[in-house]
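Given next are the chains, with one letter for each unit.
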Amino acid sequence: MNKRLRDYIRPFIAVMVIGFVFKAGGAFLELLLPDILSHIIDDIVPAGDERGILIWAGIMILCAIGAWQFNILANRNASRVARDVTRKIRHDLFEHTLYLSCEKTDEITIPSLESRLTSDTYNVHRMIGMMQRMGVRAPIITAGGLVLCFFMEPVLALVFLAVIPFMCLIVYFRAAKGVPLFSKVQQASDDMVQVTRENAQGIRVIKALSRTEYEKNRFSETNEDMKKKEIHANTVMAIINPLMNFFLYGGMIGVILIGAWRVNAGLSETGKILAFMNYFQMISRSLMAISRMFIMYSRGMASSRRIMEVLNTPTEKNWKIENYPDGNPDYALEFKDVTFSYLKVKDNVEHISFHLKKGETLGIIGATGSGKTTILSLLLHFYHLDEGAIYLNGKDIRSIEPAKLRSQFGIVMQNDFLFADTVAENIRFGRSVPEEDIDEAVTNAQAAEFISQLEDTTQYHLTSKGTNLSGGQRQRILLSRAFANKPPFLLLDDSSSALDYQTDALLRKALNEKYPDTTMIIIAQRVSSLKNCNQILVLDHGKISGIGTHEQLLASNKLYASIADSQMGGALFD
């Protein structure tokens, strides 16, 4: 068991000890039952002591009830500990996931994180519960049963003891293979979650393009791969049970044959043989439980390692906030020779430099994959720069705590989302935003007209991702969210692509009139959305093709002029 998992279990040690005491008490009471039975058959019955039979039968009943009660209390205690430990792990894992850097999230992948939060934590839950329920009882029954068997019938106990080393070797060697095998099963589960997630998110596109059969076959392939790995892992581990049974029943045959011979020879008594057989069955069941426990342990430890891999990954909380040289304080925002690559093979953006004074607006335009969104991701410090520096009010963003940095921005991302909640809560987004500021943001985002026509207006309940709204309505609610807390900086990534030209024009007018002191970066594919910006940055394959005003670029930049000409000619560059 790894140290991090032990740290989660440690606060519950006292509760677990109580459970172990209950479990041990139940196990010891169970061990008394065959011995009492032997005493009744060999000593009480031959003496014809009916009263003694009733007394010892009553003692057997009390022991059975006591063992039952102790086991119930211990099992409830084990379930409570497993629940609380797993809840803490799941909570910390979710919180840790939220603070992972985008680079680490990309490396681990979202489907894998989902799988670790669900199936992996479930496997750990089952392992912790099983180890408490069987981790005490089975060894006590096994060891205690063997000791009593030696006192009762040493010869028969040696016959049984001869098969135990073989059983231990089976469990040891199979369990050693279990963890890597079940790790592969969980990785296959990640792949299946990814395919499922993609299909759930893209179901409309799949239906529209008639790709249902294709996606069904793709899911079938990942499902088949997971099935094969699951079967392989379970087959390797399942061989424990038949081999254990082989040695157990082989030992039982030896016990029966030798026991029968000893009774006939007058070397033993019937009651002892019956008691021995009861102990044999109890020990057999305990050993089988230990084998199942090792299987569960292998699966649980494989899942635990995957969980702890995430929990041991440094997050943005671990970033060292160091003092970097300041930039020009006259600029609200400055990029200085910024270069960055996601995979560290080919640069996604190269030598990007520009600056904005307070209240100025930068427009960014370029083909898909030219690095527009990457610039915003770097500004928000989602990724570490490879070269260059970014300054906010003259302060290097690496010198600013990430949460404090991002609180200064109002953002509409390219693939933003809406929660299954009211319109008002989607705009407020958990922030302390007054109602009047929400109303102002809705008006400026050109959303007031359609929201007023909704049932319950701002209390109208949206479905997940806002599927009960049109694309343009969703964008205007997202814009309202960005405006609501009146940030000093606005980042709008293709935030008006679903708006009609009239609404887009009204939005641009509101941005100019209502937010004169707000510094903005607007990414768009429409030249009309950017033509009034103080500067327009034209990107081409991650490099600056041109920068200047609309008029300057029309005169000096062929790419921008080509885009403008195609749109003015009626073509859509969306």
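Residues numbered from 1 in each chain as written. Predicted model: local features only at pLDDT ≥ 70, side-chain atom pairs only at ≥ 80, totals over all residues. Heavy atoms only, no water.

Student: Help me understand the packing of aromatic side chains in this model?
Tutor: A ring pair, where both rings are aromatic, is described by two values, the distance of the centres and the angle of the planes. The tally for this structure, following the rule as stated, stands at nine aromatic pairs. Judged by centre distance (5.1 Å) and plane angle (85°), the rings of Tyr 342 and Tyr 383 are edge-to-face. Taken together, the positions of Tyr 342 in the loop between β1 (333–340) and β2 (349–356) and Tyr 383 in the loop between α12 (372–379) and β4 (387–392) put the pair 41 residues apart, joining distant regions of the chain. Taking the centre distance of 5.0 Å and the plane angle of 90° together, the rings of Phe 417 and Phe 419 count as edge-to-face. Under the relative-accessibility criterion, Phe 417 is labelled partly exposed at 38%. Lying over the aromatic face of Tyr 324, Arg 398 brings its terminal NZ or CZ to 4.2 Å of the ring centre. (Phe/Tyr/Trp six-rings, centres within 6.5 Å; stacked < 30°, edge-to-face > 60°. Helix = DSSP H or I, 4+ residues; strand = E, 2+ residues; numbered from the N terminus. Buried < 20%, exposed > 50% of the residue type's maximum accessible area, 1.4 Å probe, protein only. Lys NZ or Arg CZ within 6 Å of the ring centre and 35° of its normal.)

Student: Hey, could you run me through the pattern of salt bridges in this one?
Tutor: Enumeration over the complete set of coordinates arrives at 23 salt bridges. Ionic pairing is found between Arg 137 and Glu 30, a salt bridge with its closest N-O pair at 2.7 Å. Separated by 107 residues along the polypeptide, Arg 137 in helix α5 (residues 110–152) and Glu 30 in helix α2 (residues 13–47) bring together distant segments of the chain. In terms of burial, Arg 137 and Glu 30 fall into one category: buried. Between Glu 213 and Lys 216 there is a salt bridge, with its nearest N and O atoms 3.1 Å apart. (Salt bridge = Lys/Arg side-chain N within 4 Å of Asp/Glu carboxyl O.)

Student: Is there a simple way to explain the sheet that holds strand β6 (residues 409–412) in this structure?
Tutor: Across a sheet, paired strands are connected by hydrogen bonds in the backbone, their directions being either parallel or antiparallel. Ordered by their spatial adjacency, six strands build an open sheet running β6-β7-β8-β3-β9-β10, and the pairing between neighbours is mixed. Strands at the two margins of the open sheet, each flanked by one partner only, are β6 and β10 (543–548). Taken over all neighbouring pairs, the strand axes of this sheet differ in orientation by 15° on average, direction set aside. As defined by bridge partners, β6 adjoins strand β7 (residues 489–493) across four bridges and the pair is classed as parallel. (Pairing = 2+ DSSP bridges. Axes fitted to C-alpha atoms, helices over the stretch in contact; angles between N-to-C directions.)

Student: Any chance you could explain the packing of α2 against α5 here in plain terms?
Tutor: How two helices sit against one another is set out by the angle between their axes and by the gap between those axes. Look at α2 against α5: their axes get within 9 Å of each other, and the N-to-C directions meet at 30°. When you trace α2 past α5, the crossing you get is right-handed. Where α2 abuts α5, its residues Met 16, Phe 20, Lys 23, Ala 24, Ala 27, Phe 28, Glu 30, Leu 31 and Asp 35 lie against Gln 132, Arg 133, Val 136, Arg 137, Ile 140, Ile 141, Gly 144, Gly 145, Leu 148 and Met 152. A breakdown of the residues in the contact of α2 with α5 according to their chemical character gives eleven nonpolar, three polar and five charged. (Left-handed = near helix turned anticlockwise from the far one by under 90°. Contact = heavy atoms within 4.5 Å. Nonpolar A, V, L, I, M, F, W, Y, C, P; charged D, E, K, R; others polar.)

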